[in-house]
Amino acid sequence: MISIEEAVKLLSEDGIVAIPTETVYGLGAIATSQKAIAKVYKAKNRPEDNPLICHFYDIEQIREYVPKIHEYVEVLIDEFTPGPISFLLDLPSDSPLKAATSGMDSIICRIPQHDTTLELLEELNRPIAAPSANTSGKISGTSPEMVEKDLGSKIDGIVDGGECLIGLESTIIDCRKAESIKILRPGYIGKEELKEVFEEHGLKIKVSSPTKIKKKKKKQSPRIKLTTPGEKYTHYAPDKPVYLSENWRTIAWSKEKFAVLATDEIIEEINEEMYLTGRAIHLIKLGSRKRIDLIAKNLYKNLSKTNDMDIDRSYLINESWEKSSLAEAIENRLEKATK
Ligand code: TXA
Ligand code: MG
């Protein structure tokens, strides 16, 4: 673990450093440094055409790089940041931030809510490009320990900011149009909150939801694959396959070695009914369905527990989650993590 001062020094010398945010840890590099950005792609084994989110200290710093921002975006930035939301904006074609965007003419900007990282951004006085701190395709790190385990040997340091408060990646909204926005990735901040702010400010901006991941009609079969159209790189999964199951009673509790992940309420049911069988079953509690904030916070940690277990597969028992932006974000991540 390194201090903020050490992180500033390492980043200034084109190093790559894991930084805490309220959503997940990011793997940070100076956003204008081609050399540092290349190291991020290498450490994560990330496809080179997958652009990086850039983190800024405040709106003034965003303006230095993105001169044209619609008025409604300023309102959203004012209302929600520092916070778990990211804005897709147009980027001038000669921008030095193109190092971070795979050469694209757009950029995703975020002002994270974490004192340590805000202090780091202020000291550094330059934006930090930071994708989630995980090997590409794997689960995002939500604690320094998770990042250390996944990437420790490949990066220059980790700034310890404790466990991430939210635990799921930021909401991403496409703000390039003048009269409408589109949620590209669901997160803690949802459609209703966005609409409310527009109403309060008398802004007539249409808000559209993320394209839903369509599930094939599910049977209790591990062979069924969920398709995830809309995004090119979408699978964030544990090392061993996880299958989404609608009902734990239909799992074949037979010879295979597996784990079951479910809410505390369902695990309790399983414990009560399976008690007499005396079988050793790996049960992973996701938290109470009454506290989905805690389910979100611990979700990636719980999913990653299956990596170290002596099992071949896991089953994640689906719930009828409550209707909220966070529940929608949880569902979205579960669909991505499961087969
Ligand atoms: O909460 C978060 O947003 C975290 C923390 C570290 O800030 N970051 C994060 O970054 O989740 P990453 O790279 O894991 O996810 C960013 C997503 C990727 O799916 C990437 O393809 C997309 O945003 N993205 C980034 N820049 C883009 C751009 N200019 N146009 C379209 N998609 C973009
Ligand atoms: Mg990621």
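Notes on the structure in this doc start here. (Residues numbered from 1 in each chain as written. Chains lettered and ligands numbered in written order. Predicted model: local features only at pLDDT ≥ 70, side-chain atom pairs only at ≥ 80, totals over all residues. Heavy atoms only, no water.)

### Focus: the site of ligand 1
Link 1 in the chain: Every one of the 23 residues lining ligand 1 counts as a neighbour, but Thr23, Asn50, His55, Arg110 and Ser170 are closest to it.
Link 2 in the chain: A distance of 3.0 Å separates an oxygen atom of ligand 1 from a polar atom in the side chain of arginine 46.
Link 3 in the chain: Between ligand 1 and serine 170, the relevant distance is 2.6 Å, taken from an oxygen atom to a side-chain nitrogen or oxygen of the residue.
Link 4 in the chain: Coverage of ligand 1 by the protein chains reaches 90% of its 680 Å² of free accessible surface.
Link 5 in the chain: With 4 residues, strand 5 (residues 106-110) is the largest single contributor of residues to the shell around ligand 1.
Link 6 in the chain: In the shell around ligand 1, the residues fall into 12 nonpolar, 7 polar and 4 charged. (Near = heavy atom within 4 Å. Polar contact = N/O pair within 3.5 Å; in protein donor to acceptor, adjacent residues only side chain to side chain. Areas by Shrake-Rupley, 256 points an atom, 1.4 Å probe, with all protein chains shown as cover. Helix = DSSP H or I, 4+ residues; strand = E, 2+ residues; numbered from the N terminus. Nonpolar A, V, L, I, M, F, W, Y, C, P; charged D, E, K, R; others polar.)

### Quick word on the environment of proline 144
Link 1 in the chain: Checked against the element boundaries, proline 144 lands in helix 6 (residues 144-151).
Link 2 in the chain: Once residues within four sequence positions are removed from consideration, proline 144 is found in contact with Met1, Tyr25, Ile158, Asp160 and Gly162. (Contact = heavy atoms within 4.5 Å.)

### What about the environment of tryptophan 321?
Link 1 in the chain: Checked against the element boundaries, tryptophan 321 lands in the loop between strand 14 (313-317) and helix 10 (325-337).
Link 2 in the chain: Given the relative accessible area of 11%, tryptophan 321 is considered buried.
Link 3 in the chain: For the pair tryptophan 321 and leucine 10, spaced 311 residues apart in sequence, the C-alpha separation works out to 43 Å.
Link 4 in the chain: Beyond its immediate stretch of four places on either side in the chain, tryptophan 321 contacts Thr263, Ile292, Ile295, Ala327, Ile330, Glu331 and Leu334. (Buried < 20%, exposed > 50% of the residue type's maximum accessible area, 1.4 Å probe, protein only.)

### With respect to the pattern of salt bridges
Link 1 in the chain: Tallying each qualifying case throughout the model produces 16 salt bridges.
Link 2 in the chain: For the salt bridge of glutamate 13 with lysine 9, the shortest nitrogen-to-oxygen distance reads 3.2 Å.
Link 3 in the chain: By relative accessible area, glutamate 13 is classed as partly exposed at 48%.
Link 4 in the chain: Since its relative accessible area comes to 52%, lysine 9 is described here as exposed.
Link 5 in the chain: Close ionic contact of aspartate 105 with lysine 98 constitutes a salt bridge, the shortest N to O distance being 2.7 Å.
Link 6 in the chain: Assessed through its relative accessible area of 22%, lysine 98 is described here as partly exposed.
Link 7 in the chain: Here the salt bridges share partners, and the residues they tie into one network are Glu60, Arg63 and Glu74. (Salt bridge = Lys/Arg side-chain N within 4 Å of Asp/Glu carboxyl O.)

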